[in-house]
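The chain contents come next:
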Amino acid sequence: MPPLLADIRDDLGLSAAAAGLLTTGPLLALGILAPLGPRIARRYPVERLLVAAALVTALGTAMRGLGGIPALYAGTLIAGAAIALSQVVVPALIRARAPERAGVLTGAYSMSLVTGATVATFTAIPFENALGGWEATLAIWALPALVAAAVWLPLAVRAHDPVPAPVGHPLWREPVAWSIALFMGLQSMAFFSTITWLPEILESDGASEGFAGFLSGVTQLVQIAPAFAIPVLAARRPTQTRLLAIIVGTAFLGLLGVLVVPDAALLWMVFLGIGQGGALGLGLILPVLRGKNPGQVAGMTAMSMGVGYLIASAGPAIVGAARDATGSWTWPIIVLLCMTAAQVPAAWRAVTK
C-alpha cells in the first residue's frame, strides 16, 4: 500500500492522518488479538491455525479491491486480525517443533516477512499501471495468501498436537517481558511509520513517484539479509547489547541522512534497511531466547505483539498528524528519529538478561 498511498488519498480524499489509519488499523488488530493466540494454540494444532489465518488474510486482502473507504478499511482490519494470529503462534511452533534450530528458523521467518513486503513494494506501481488502478493492485495480493494456505494444508491434515501454551502466566510482572514488548512496540512503530510515509517523504525531496517507490523497495530489499542474520547471531550470544547498538545506530543514521542530505537518498536507504531489518529480527528472536519453554515463548510473543503493536499502531497516524500540523516533512522525520533512539533503553533489560 505505501507506494500507492498518494493515489489512494487523492482518489478518496483522505487526509494524511486518516491515511495513516490504514496502517494503524492492522496494528490495532495485531495488538488486541495477539493475546488470544496462546489460548487458541492450546486447542488447535498451529499448522491448522496457519491455514485458517492464510485464508482469512486472502479474504480481507481481496475486499480491499472492491473500492471505496468502507471496503478498504474493513478488508485491512480483517487481514490484520488473521495476521495477528499467525505472527503469535509461529515462534511458539518453532520452539516446540525444532528448538535446536530456533535461531535459523526465526531468521528465516523474519526474512520472509521482509521479502514479502519488498516484492510488494517493488511491484506496486508496475501493477497499478498494468491493472489500471490501486484497487486491483491491492486485491491481487490475496493470491500469495491462498498459496500459503495450500502449502500448509498437507501439514495441517497430519497435525494433531497443539502447542502447550498456558494461559494466565504472570508475565505482566516480568521486567524482561515488558522490555521485549516495549522494544517490539518501538521498532514496529518506527518500521510501519517509515514504510507508510517514506515514499511521500522522498517525493517531497524531488523524487518521482516511481523512483520513490523504487527507493522504498531498496530499503526493504536491504532488510532481508539482517532480518535473517540477526536472529542467528543473537541465538549464539548470551547477551545482545552490541547487536542492539549497531541496529539502532544504523537506522538512526539512515533517517538522519534523509533529513540532512536527501540527495544521497539511495545511501540512506541502505543504512535504514540494515537497521530496521535487524530490529525486526531481534524483536522476533528475543521471546524465543528468553522463554523457558514453548508455553512461555507463546506467552512472551503474545505479550510483545499485544503491547508492542498497540504502541506501534499510533505511529503512522502520529507522523501523518505531524505532517498535517507543520506542512513539511522535517518534524515527521524528527519524530521517526525519536522512535528509533528510544529502542535502546526499551530493549536494554531484555538484551542483557
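Below is a short write-up of the structure. (Residues numbered from 1 in each chain as written. Predicted model: local features only at pLDDT ≥ 70, side-chain atom pairs only at ≥ 80, totals over all residues. Heavy atoms only, no water.)

**What to know about the overall build of the protein chain**
Per the secondary structure count, the protein chain includes 16 helices and zero strands. For 353 residues, the compact-globule formula gives about 20 Å, and the C-alpha radius of gyration of the protein chain, at 19 Å, lands near that figure. For the C-alpha atoms alone, the extent of the protein chain along its principal axes is close to 50 × 45 × 30 Å. A buried classification covers 54% of the 353 residues belonging to the protein chain. The contacts in the protein chain between residues at least 6 apart in sequence include a share of 82% that link residues at least 24 apart. With the model as given, the accessible surface of the protein chain reaches about 14000 Å², and the carbon-plus-sulfur share is 69%. Charged side chains in the protein chain number 19 positive and 15 negative. The centres of these two groups are separated by 24 Å. (Helix = DSSP H or I, 4+ residues; strand = E, 2+ residues; numbered from the N terminus. Rg over C-alpha atoms; globule rule 2.2 N^0.38 Å. Buried < 20%, exposed > 50% of the residue type's maximum accessible area, 1.4 Å probe, protein only. Contact = heavy atoms within 4.5 Å. Areas by Shrake-Rupley, 256 points an atom, 1.4 Å probe, with all protein chains shown as cover. Lys, Arg positive; Asp, Glu negative; His and termini not counted. Charge placed at Lys NZ, Arg CZ, Asp CG, Glu CD.)

**Examining the packing of aromatic side chains**
Evaluation of the coordinates by the stated rule reveals seven aromatic pairs. Considering the side-chain rings of F191 and F192, the 5.1 Å spacing of their centres and the 75 degrees angle between planes classify their relative orientation as edge-to-face. (Phe/Tyr/Trp six-rings, centres within 6.5 Å; stacked < 30°, edge-to-face > 60°.)

**Considerations on the packing of helix 1 (residues 5-12) against helix 9 (residues 175-204)**
One can describe the packing of helix 1 onto helix 9 by two numbers: an axis separation of 9 Å at closest approach and a directional angle of 85 degrees. In terms of axis orientation, helix 1 runs roughly perpendicular to helix 9. Along its contact with helix 1, which presents L5, A6 and R9, the element helix 9 presents T196, W197 and E200. Class assignment for the residues of the contact of helix 1 with helix 9 results in three nonpolar, one polar and two charged. (Axes fitted to C-alpha atoms, helices over the stretch in contact; angles between N-to-C directions. Parallel < 35°, antiparallel > 145°, perpendicular 65-115°, else oblique. Nonpolar A, V, L, I, M, F, W, Y, C, P; charged D, E, K, R; others polar.)

**Focus on the environment of V288**
Position of V288 relative to the elements: it lies in helix 12 (residues 265-290). We classify V288 as buried; its relative accessible area is 4%. Taking the C-alpha atoms as reference, V288 lies 22 Å from A82; in sequence the two are 206 residues apart. For V288, the residues in contact, after removing those within four places along its chain, are P91, R95, A102, T106 and V297.

**Observations concerning the side chain of T196**
Tracing the chain through its elements places T196 in helix 9. Discounting chain neighbours no more than four positions away, the residues touching T196 are P2, L5, T23 and P316.

**What about the environment of A225?**
Its location among the elements puts A225 in helix 10 (residues 209-235). Judged by its relative accessible area of 52%, A225 falls in the exposed class. Linking A225 and S110, residues 115 residues apart in sequence, is a C-alpha distance of 9.8 Å.

**Quick word on the pattern of salt bridges**
By the definition in use, this model includes two salt bridges. The salt bridge involving R9 is made with E200; its shortest N-O contact spans 3.0 Å. One end of the pair, R9, is in helix 1; the other, E200, is in helix 9, with 191 residues separating them in the sequence. Of the charged contacts in the structure, one is a salt bridge between R101 and E100, with a shortest N-O distance of 3.8 Å. Judged by its relative accessible area of 48%, R101 falls in the partly exposed class. (Salt bridge = Lys/Arg side-chain N within 4 Å of Asp/Glu carboxyl O.)

**A word on the nonpolar core**
Burial of nonpolar side chains together is a common tendency in soluble globular proteins. If you look at the biggest cluster of nonpolar residues, it comprises 89 residues, and the most contacted ones within it are I8, W197, L202, M269, L282 and Y309. Here this core gets 15 residues from one element, more than from any other, and that element is helix 9. Among all residues touching L282, those that are not within four sequence positions of it are F183, I230, A234, Q240, L244, I247 and V351. (Core = buried A, V, L, I, M, F, W, Y, C linked by side-chain atoms within 4.5 Å.)

**A word on a nonpolar patch on the surface**
Judged by side-chain polarity, F252, L253, L256, V260 and V261 come together as a nonpolar surface patch covering roughly 380 Å² of accessible area. Position of F252 relative to the elements: it lies in helix 11 (residues 241-260). The partly exposed category is assigned to F252, whose relative accessible area is 30%. (Patch = residues over 30% accessible without salt bridge, like charges linked within 9 Å, V, L, I, M, F, W, Y side chains within 5 Å.)

**A few points about the packing of helix 2 (residues 16-33) against helix 13 (residues 294-312)**
The interhelical angle for the contact between helix 2 and helix 13, taken along N-to-C directions, is 155 degrees, at an axis separation of 7 Å. The orientation of helix 2 with respect to helix 13, classified from their angle, is roughly antiparallel. Crossing hand, helix 2 versus helix 13: left-handed. Contact residues: helix 2 offers L27, L28, L30, G31 and I32, while helix 13 offers M305, G306, Y309, L310 and A312. (Left-handed = near helix turned anticlockwise from the far one by under 90°.)

**Digging into the side chain of R64**
Tracing the sequence through the fold places R64 in the loop between helix 4 (46-63) and helix 5 (69-97). No salt bridge forms around the buried R64; measuring N to O, its nearest opposite-charge neighbour E135 is 11 Å away. Excluding its chain neighbours within four sequence positions, the residues that come into contact with R64 are M1, A71, L72, G75, T76, W134, E135 and L138.

**Examining helix 2**
Between its terminal C-alpha atoms helix 2 stretches 26 Å, which fits the 26 Å expected from 18 residues at 1.5 Å a residue. At T23, helix 2 shows its largest bend, some 35 degrees, and a proline, P26, comes one to four positions later. Here helix 2 has its buried residues at A16, A19, G20, L22, T23, T24, G25, P26, L27, A29, L30 and G31. Turning to helix 2, the residues buried within the fold contact helix 1, helix 5, helix 9, helix 13 and helix 14 (314-326). (Expected span 1.5 Å × (residues − 1). Bend = angle between axes of the 7 residues up to and from the residue.)

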